[in-house]
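Overview (structure and organization)
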Amino acid sequence: QVQLVESGGGLVQAGGSLRLSCAVSGSIFNIRTMGWYRQAPGKERELVALITSSGGINYADSAKGRFTISRDNTKNTVSLQMNSLKLEDTAVYYCYAYIAPVGDYWGQGTQVTVSS
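The rules behind these values
Residues numbered from 1 in each chain as written. Predicted model: local features only at pLDDT ≥ 70, side-chain atom pairs only at ≥ 80, totals over all residues. Heavy atoms only, no water. Buried < 20%, exposed > 50% of the residue type's maximum accessible area, 1.4 Å probe, protein only. Helix = DSSP H or I, 4+ residues; strand = E, 2+ residues; numbered from the N terminus. Pairing = 2+ DSSP bridges. Salt bridge = Lys/Arg side-chain N within 4 Å of Asp/Glu carboxyl O.

Here the focus is the pairing of strand β4 (residues 30-39). The two faces of the sheet receive side chains in turn, since in a regular strand these alternate between them. Burial runs high along β4: seven of the 10 residues are buried. Summarising the sheet, β4 and strand β5 (residues 46-52) pair through six bridges and their orientation is antiparallel. Residue Tyr37 lies in a different strand from β5, and its bridge partner there is Leu47.

Turning next to the environment of Met34. Position of Met34 among the secondary structure elements: in strand β4. Through-space distance from the C-alpha of Met34 to that of Ser17 is 21 Å; in sequence the pair is 17 residues apart.

Moving on, we get to the pattern of salt bridges. Between side chains of opposite charge, a pair can form as their charged atoms come close. If you walk through the whole model with that rule in mind, you get four salt bridges. Between Asp89 and Arg66 there is a salt bridge, with the nearest N and O atoms lying 2.7 Å from each other. Residue Asp89 is located in the loop between β8 (77-82) and β9 (91-100), and its partner Arg66 is located in the loop between β6 (57-59) and β7 (67-72); the two are separated by 23 residues in the primary sequence. Of the two residues examined, Asp89 and Arg66, each falls in the buried class.

See below:
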């Protein structure tokens, strides 16, 4: 059974920083892509950043220049360093992994709240 466990969410003032981490455990054969999505109240879940097993990275436009995704393949972890946080970054952040050959896995979500 595969589990994705997030940590690092919380309350921060606008302009501040937070670091999210996610650890994948269980029967893992091949973690291809890992990353983060977020969902704000009343909105659809949206991509924040993805990183492949070879280090290829894709950021949402809203994350470029402020967020940095990283991955440790030896520990099956993925992290998201978020700087210069804005009010509109407030959302539940979900860890994501595509694990071959099965498919998509999601974490339970961690709340990030940015206050003025």
